[in-house]
Structure formats: C-alpha cells, structure tokens
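Read off the chains here:
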Amino acid sequence: MKNSKYMLILLTGALSFGSCKKDFLELFPEGQMNEGNFYKSTVDFQQAVVGAYTPLRDVANIAFYMDEMRSDNAHYDYNSKDRGGLGYEQLADFLDNSQNGVTATRYQGDYNGISRTNVILDRLEKITFTMADADRKQIVGETKALRAHYYFDLVRHYGGVPLHLHEVTEKSQATLPRSTAEQVYAQIIADFTDALANVAAPKLPQETGRVTKGMVATELAHVYMTLKQFDKAIPLLQSVTTMGYSLWANYEDAFKNENKNNKESIFEVQYKDGTDGQSSTFIYRFIPNGNTLNITGISYNDTNGGWNYPTDDLLAAYEPNDKRLDATIGVIEGTYNANTDFVASKIVSIVNYKAPTGVIAKYFIRKYFHPPYLLANNTKENWPIYRYSNVLLMLAECLNETGQSAAALPYLNQVRTRAGLAATTTIDPALLRPIIAHERRIELAFENHRWLDLVRTDQAIPVLTAYGIKTKAQFGYILPAAYNVTAARFIYPIPFRELQLNTALVQSPGY
C-alpha cells in the first residue's frame, strides 16, 4: 500500500483543474482528472500549469519551521501543557531526525510539483494539435521555472536528491538513486536559463502569481550566489532593476493585502480566504495559543499557535528608529488565568515598549497580520518568496564580493533609507559584508531567508552556536544536546519513509 501511494503521486502528478481566468492565477483545491480526455488543447496545458503552482502552498505552509525557526530570528513559545508540537521544537533546537513530519511534508510537496511539471513537459512533446508558438513558449517557460524552483528548494534543504526529469510511467522509474548536489544545480541552471528565454516580462501590477522574467532572473541569480558565482548573478540582478519594479514608500505597504503582486513583488505564493481550501493560516500559527477574539476579532480557540516567535536576539539587532521594527513585530498583552492559559487583551506597538506591572507581553509577527478577517483560522495573506528589496540587497552583496563595493552602496542604501536609517558610506569590502548581511536579516525577517543565508555565507556554525549558548541559558526547558550545529546539519535528512519506499536512496551523513 505504501508503494502504491508513492506511485500515485509520481504517476499522476495529482493535477488540479478548473476554470482559469487569464488575469488571475486560481490555485484550485485538490481533485481528480481523466488523463485520457486531457492534454487535448492549449487550454488543457494552461490549466495543467496552474496545477503545477499548487504545491507552492504545500511548502510555504510549513517552510517557516525549517527556515526561520532554525535561525536566530525565531524560536517557539514553549507550551508545557501540550507537548504535541515536539517535532516543530526539534527543528528549532537542531534535534530533528529522519522521522520528522515537517521535513517529510516539504520533500513530498516539492516532488509533487516536480511530477506535475514533468508530465506537462513530456506530454507537450507528444501533442497532435497545433499550438501557437507564443503559448508553447510560455507554457515551457513557466513549467521549467517551477521545476527549477522546486529542485532549488530540495537541494538547499536535503542536498543531492533523485533527479526526476520525465513523467513516471512504471515503478522502476520512480526509484532513482540520489544525484549529486552538483548535478541537481546543473539542472536547475539549465531549466532557469531555458525559462528566461521563454517567459514574458512582468507587467505591473502583474498577472497574479505567474512566473515572469523578473522571477526567473532573480532566482537564477540566487542560485549563482548560493554557488558563490557572484559575477554570474550580477547581470541577472541588474536586468531586474530595469523591469519596472520599485519599493513602496513605507515598508509595511509591501505586505498589505491590497498590494499583493504589485510593484515590490517579484514572486509570492497565492492564497485567498474562503471555504474552498485556498486560504492561509499563518497568523494563527504565529500568535499565542488561546482565544483569538481580542487579536483577530473572531472568537476562536487557537491551539496551533506559539510558533515562529520573534527572539530577543533579533529585537536587539534593530537599529534605533528603524521603521521596519513596528511593521514586522507586534506585542500582544494579556494575563494568565487560573488554568495558566494565556488570555490576550490587546495588541500594542513594540516601539519603546515596556510591559506594565502585572501584564504578560508576547511577541508575534505583525507583517502577516491584516484584519478584519471573515473566518476563523482562515486568511488571504500571501507568502512572499522574492521582493524587490531582496534583489537590491542581493545585487549589493554580489558587487561587494566582486570588488565593486562603491557600486554596491546605492542598492544597499535604497533599502536603508526606506527604513528611515542613515546611508552607509564605507567601501571597505570586509566592513561592508556584515552590514549587508545585517540588512538582509532585518529587511527579510520572517520571509524564510535567514537560515539559508547563514548557511550560504558560512556563518551558520559561529552565529548559531553562540546563539544556542545564550538560548539554553535563557530557557531551562531546552535539552543540553540542543544547538549542536555542525556541517552535517546544514541539510535535513532524507525522510525515513522515502528510504523505506526507495531502497536506492542512502541517508545523508550525520543522520
């Protein structure tokens, strides 16, 4: 039964279909399809591409546990009464193993997306009807960009993984051994390069959620940065600066629901509220457990909160008068009742905040908090993958790393001045490097970049070892074995169930 379940994912791609408006990317709930009657028209292929976007949500729904909580930006609000979230805590404390459900969900979500893209690309080669060249190019471009995106997510989190590039039609094709990380990166670069030549340029406000040249150039540049090939990333990032993107005057505007997919958005995962399974629930994970009436305006007993809790270490990293602080982190005041449950009373600003006597203050991520909400545990908050400010900081980093520090300053300072901070003037590469890294930490806080940035810049061991020492001293519930940060922990283990299903796989060293 396990093997048949695995094969179902690979063989069908689990595509979801429905009506597809050209001006809106509708990510449809999971469903069924009849492949014998499908892939018969251009519209069928366009709908299949829509289905290939859907696993982006499956990954985004849980990625913060692995990316932000693994870093010094976020921790968890320890719940001594309910230990059901132990697997999430283990990710933050570097105590996770191959049976962790979060890492397994991400792995499967990425491969679900890859399976869908492979089906599209293989079936496109076999069509017997005439498809307009412009439609074919867009379909190929979007599909290859999505496949590259899913593999980039996999290789950074799991290392070398099986490289599936075609539709699986029999069992032997589903059980490939691990490719090397170098082989996976080569395929990612090839796919993004093909996609860049095929997809359309962005039109702002852009078609909701679609892959554009802006997204492809940005993520391909990110791939090159991860490989420390900064010279190859520079022209790609420079091209993005000519595509019409710009920063909102106020940092908080970049996250408002009315500004989705607009001038600062390069690529974001799409959600909408309602009862059709396309809503997001991030804010309910980020606020404390308890009744949400005085937080969201809806009475709901939230038992899934307390995650991605902003750390004191991050708060201390903000410079005085940085406007991003109030837009990123908020304070929920409340008290404990007789059952030691937290009862929220109101939300207040974190700027110059000091908790009044007798009041319990808890931090939460404010940038994904935009009431009023229509339903409990149900929002329309999108998840940003790339914003234009990220492009500016990436370009500043690449220029600095290639001996062009003076040229890096204008890009860095666009981000700083928007935050109300003084422009940086140093052109010493060694001094500018940590300044850029600091800006990335603050500007992109809680957007799932911090952990991967620390790994990419060879700072994960020193930064998180020091952070772990402070955190264990602060919280007595953290086990002594926690925060043993080694190179083996730069990637997560191959999920246990995958090793059982595919005997050609071998586990990563250290697990």
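Residues numbered from 1 in each chain as written. Predicted model: local features only at pLDDT ≥ 70, side-chain atom pairs only at ≥ 80, totals over all residues. Heavy atoms only, no water.

By the naming in an unreviewed UniProt entry, the chain is Putative outer membrane starch-binding protein, taken from Pedobacter duraquae. Checking UniProt for the chain, the heading Sequence similarities (unreviewed entry) contains the comment "Belongs to the SusD family." Turning to the chain, the UniProt record has this under Subcellular location (unreviewed entry): "Cell outer membrane". (UniProt positions renumbered as here; feature names shortened; annotations may be inferred.)

Asker: Outline the pairing of strand β9 (residues 383-387), supporting the account with residue identities and numerical values.
Answerer: Counting buried residues in β9 gives five out of five residues, a clear majority hidden from the surface. When strand β2 (residues 265-269) meets β9, the two strands line up antiparallel, connected through four bridges. Within the sheet, the bridge partner assigned to Val269 lies in β9 and is Trp383. (Buried < 20%, exposed > 50% of the residue type's maximum accessible area, 1.4 Å probe, protein only. Helix = DSSP H or I, 4+ residues; strand = E, 2+ residues; numbered from the N terminus. Pairing = 2+ DSSP bridges.)

Asker: So, the domain arrangement of the chain: which residues are in play, and what are the values?
Answerer: When cut into domains, the chain gives domain 1 (38-199 + 461-501), domain 2 (282-375) and domain 3 (388-458). For domain 2 and domain 3, the distance between their C-alpha centroids amounts to 28 Å. On the side of domain 3, 15 residues touch domain 2, which itself brings 18 residues to the contact. Between domain 2 and domain 3, a total of about 1300 Å² is buried, with carbon and sulfur atoms accounting for 53% of that surface. (Domains from an automatic or database assignment. Contact = heavy atoms within 4.5 Å. Buried area = accessible area lost by both parts, 1.4 Å probe.)

Asker: Residues and numbers for the pairing of strand β7 (residues 342-348), please.
Answerer: Direction of pairing for strand β6 (residues 329-336) relative to β7: antiparallel, over a ladder of six bridges. Pairing of Tyr336 across the sheet is with Phe342, part of β7. Between β6 and β7, which pair antiparallel and follow one another directly, the connecting turn spans five residues, one of which, Thr340, has a positive phi of 60 degrees.

Asker: Residues and numbers for the UniProt feature "domain: RagB/SusD" (unreviewed entry) in the chain, please.
Answerer: Within this numbering scheme, the UniProt entry marks residues 263-511 as carrying the feature "domain: RagB/SusD" (unreviewed entry). Annotated as 37% helix and 16% strand, the span residues 263-511 places its first and last C-alpha atoms 43 Å apart.

Asker: Give a detailed account of the sheet that holds β7, specifying residues and quantitative values.
Answerer: Reading across from one edge, β7-β6-β8 is the order of the three strands in this open sheet, with antiparallel pairing throughout. Single-partner strands in this sheet number two, and they are β7 and β8 (360-365). Across the sheet, the axes of successive neighbouring strands diverge by a mean angle of 35 degrees, strand direction being ignored. (Axes fitted to C-alpha atoms, helices over the stretch in contact; angles between N-to-C directions.)

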